[in-house]
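These are the residues of each chain, in order.
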Amino acid sequence: MCLALTGAPVHAAPHLRTDRITAGEAGSGEPALPIVYPTSRRQLAGLDTARAGTKTTGVTFADLDSDDSWARNAIRWVASDNSWMLDFAPNPNGTYNFRPAAIETRKYLARSIVRAFARGEQPDGSVVFSDVDASTSWYRWAAVAVQHGWMTARNGVFDPDGPVTMAMLHRALVRAVGLGPAAKALNDIHTRDGVHFKVAPNFGTTVLGMRLDLRYNAPTGSESMDVAPADDLPRAQVAYSLARATTLPSYEVPDLLAQYKNVQLPHLGQRMQRIVRWGIHYAGYPYVWGGEWGFNRPEPSALGGQPRSGFDCSGLTWWLLRRDDGTAWNISPPRPYKGWSLPQRTSTDMAAMAPTRIKYDDLRPGDIMFYDGDGYGVVDHVDTYIGNGYALDSSSTPGGVSIMWVAREPGTHADWYAEHFMWGRRVLPH
């Protein structure tokens, strides 16, 4: 969360207080998508992606404890209410093991998503694997998942026992719910005059997975649980994401298809192009309260030693824009530009020190945008505008860094950012 109750920056200049932020608001950014686990077939039919006809009964898991409480409802939904992740034989006493901490493998993911999104579908014979024999039961699940483009098999190698990463899981679920066109548009992010930005292969599905709230955002103090796109996922994390994807409100997929149908930015000078290139590299990094570190190596202990790479909203703004000021916190090099003066650490202080309060219609790429999310009249969120209704944002709701749609669309489900916008601040000089 981006508003410190102490009002002190995480890493202050020598003449300022140097308290580490230890408390903040309960959230930053738009409200989370509702999660409603249906209890009847009629409720199930009203969901956009959930599938009827896979109900199970009487399943009790013997290996869940208090450490798994955050995922317990999701596990119940995907492996008890439904059989999508009911993967292991029962114990002699009739209970089951879910194995929440075990790293999920690709063959089990294939089976789960086909059970959830393509129940009853058979392979069409177009897919041949060198490492999954067509005579085995696993072939069906792998082949159907690859036929749909939910999973990949490079040169015929499916790697059935390989680990599932966050990027793989987001790809599978984002495509399964019908957001493939939006993912393709994000992968083709460009300016109106034809400048294209190089992105990771799963960039679009990673961003959209964040927008669908697929990634569990660990609470403050437990950020070591957070995962980034390249991280291997335990089964509890997979269950959480699958439950999210199969309980989406019916409006969410159409809204995202509209927001990302053509991810075209305005003409950007070399300065803004560098900022966008730097920022999109961190899409999918987790939301870490007080976080401002994006390298795989640990943050130096002198800077607080955050438990893993990740950002809160004002931390991402620093990562994108702030120049070195001779204190312990350094970002350039290796960032390919020096940055600009932005000494304030919290969104509240950044907003208070705006020389001019910029109106929404006067925003330019590179301006930072401030929001009052809870309606108390105090800024508690910030992101960086990149043009044409898009901003680089890290909030606690999608649980990390994404390209957020912040345009004004009255009457839609996508207008939280426009409704809560207060003013902007120009950081880049003319």
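For the structure itself, look to the data block above.
For the structure given in this document, a descriptive report is provided here. Remember, predicted model here, so these are calculated numbers, not experimental data.

**Remarks on the overall build of the protein chain**
Summing up its helical and strand segments, the protein chain has 13 helices and nine strands in all. Going through the 430 residues of the protein chain one by one, you find that 58% of them count as buried. Across the protein chain, contacts joining residues at least 24 apart in sequence account for 69% of those joining residues at least 6 apart. When the accessible area of the protein chain is evaluated, it comes to approximately 17800 Å², of which 51% is carbon and sulfur surface.

**Side note on the packing of aromatic side chains**
What the rule picks out here adds up to 30 aromatic pairs. Relative to Y240, the ring of W70 has its centre 6.1 Å away and its plane inclined at 45°; by these criteria the two rings are tilted. You can see W70 sitting in the loop between helix 1 (41–45) and helix 2 (72–81) and its partner Y240 sitting in helix 8 (residues 235–245), a full 170 residues away along the chain. Exposure remark for Y240: the relative accessible area of 14% places this residue in the buried category. An aromatic cluster is present here, built from W278, Y282, Y285, W293, F295, F311 and W319 joined pairwise through their rings. One Lys or Arg, R99, reaches over the ring of F88 and ends 3.7 Å from the middle of that ring.

**Side note on the sheet that holds strand 5 (residues 368–371)**
With antiparallel pairing, five strands are arranged side by side in an open sheet as 8-7-6-5-9. One side of each edge strand has no neighbouring strand; the edge strands of this open sheet are strand 8 (400–405) and strand 9 (421–425). Taking each pair of neighbouring strands and ignoring which way they run, the sheet shows an average axis angle of 30°. Bridge count for strand 5 against strand 9 is four bridges, and the pairing is antiparallel. Across the sheet, F370 pairs through a bridge with W423, a residue of strand 9.

**A look at helix 7 (residues 203–211)**
One turn of an α-helix holds 3.6 residues; hence residues three or four places apart share an orientation. For helix 7, a buried count of nine out of nine residues is recorded, marking the element as mostly surrounded by other parts of the structure. Tucked into the core, helix 7 has its buried residues touching helix 5 (166–176), helix 6 (180–187), helix 9 (252–259), helix 10 (270–280) and strand 8. Once helix 7 finishes, D213 follows within two positions and takes phi at roughly 60°, a positive value.

**Considerations on the packing of helix 3 (residues 106–117) against helix 5**
Put simply, helix 3 and helix 5 touch, their axes get as near as 11 Å, and they point 15° apart. Taken together, helix 3 and helix 5 sit at an angle that is classed as roughly parallel. Between helix 3 and helix 5 lies a crossing whose hand is right-handed. Contact residues: helix 3 offers R106, L109, I113 and F117, while helix 5 offers M168, L169, A172, L173 and A176. Its residues assigned to classes, the contact of helix 3 with helix 5 shows eight nonpolar, no polar and one charged.

**Overview of the pairing of strand 8**
A regular strand places its side chains so that they alternate between the two faces of the sheet. For strand 8, a buried count of six out of six residues is recorded, marking the element as mostly surrounded by other parts of the structure. The pairing of strand 7 (residues 390–395) with strand 8 spans six bridges and is antiparallel. By the bridge assignment for strand 8, D393 is matched with S402. Once strand 7 ends, the chain turns through four residues before running back antiparallel as strand 8, passing G399 with a positive phi of about 85°.

**Things to note about the packing of helix 6 against helix 7**
Contact pair helix 6 / helix 7: the axes reach a minimum separation of 7 Å and the direction vectors enclose 120°. When the interaxial angle is binned, helix 6 and helix 7 end up oblique. In the packing of helix 6 onto helix 7, the handedness of the crossing is right-handed. Across from A182, A183, L186 and N187 in helix 6, the residues of helix 7 making contact are F203, G204, T205, V207 and L208. For the contact of helix 6 with helix 7, a count of residues per class yields six nonpolar, three polar and no charged.

**Topic: the pattern of salt bridges**
All told, the structure shown has 14 salt bridges when counted by the stated rule. Across the pair R215 and D226 runs a salt bridge, and its minimum N-O distance is 3.4 Å. With R215 in the loop between helix 7 and helix 8 and D226 in the loop between helix 7 and helix 8, this residue pair connects regions lying eleven residues apart in the sequence. D226 shares its class with R215; the two are buried. For D367, the salt bridge goes to R426, with nearest N and O atoms at 2.8 Å.

**Some details on helix 10**
Taken together, the buried positions of helix 10 are M272, Q273, I275, V276, W278, G279 and I280. Of the surrounding secondary structure, the elements contacted by the buried residues of helix 10 are helix 7, strand 2 (264–265), helix 11 (313–321), strand 6 (381–387), strand 7 and strand 8.

**Brief notes about unusual backbone geometry**
Although it is not a glycine, R99 adopts a positive phi angle of roughly 60°. Take R99: it is sitting in the loop between helix 2 and helix 3. Even without a glycine there, the phi angle at N155 is positive, about 55°. Along the chain, the position of N155 falls in the loop between helix 4 (138–147) and helix 5. Classification of N155 as exposed rests on a relative accessible area of 75%.

**Structural notes on the environment of K338**
Here K338 shows up in the loop between helix 11 and helix 12 (347–352). On the basis of relative accessible area, K338 is assigned to the exposed category, the value being 70%. In sequence terms K338 and D324 are 14 residues apart; their C-alpha atoms lie 7.4 Å from each other. Non-local contacts of K338, meaning those with residues more than four positions away in its chain, are made with R322, R323, D324 and S332.

Rules of the game
- Residues numbered from 1 in each chain as written.
- Predicted model: local features only at pLDDT ≥ 70, side-chain atom pairs only at ≥ 80, totals over all residues.
- Heavy atoms only, no water.
- Helix = DSSP H or I, 4+ residues; strand = E, 2+ residues; numbered from the N terminus.
- Buried < 20%, exposed > 50% of the residue type's maximum accessible area, 1.4 Å probe, protein only.
- Contact = heavy atoms within 4.5 Å.
- Areas by Shrake-Rupley, 256 points an atom, 1.4 Å probe, with all protein chains shown as cover.
- Phe/Tyr/Trp six-rings, centres within 6.5 Å; stacked < 30°, edge-to-face > 60°.
- Lys NZ or Arg CZ within 6 Å of the ring centre and 35° of its normal.
- Pairing = 2+ DSSP bridges.
- Axes fitted to C-alpha atoms, helices over the stretch in contact; angles between N-to-C directions.
- Parallel < 35°, antiparallel > 145°, perpendicular 65-115°, else oblique.
- Left-handed = near helix turned anticlockwise from the far one by under 90°.
- Nonpolar A, V, L, I, M, F, W, Y, C, P; charged D, E, K, R; others polar.
- Salt bridge = Lys/Arg side-chain N within 4 Å of Asp/Glu carboxyl O.

This is a description of form; function is not addressed.
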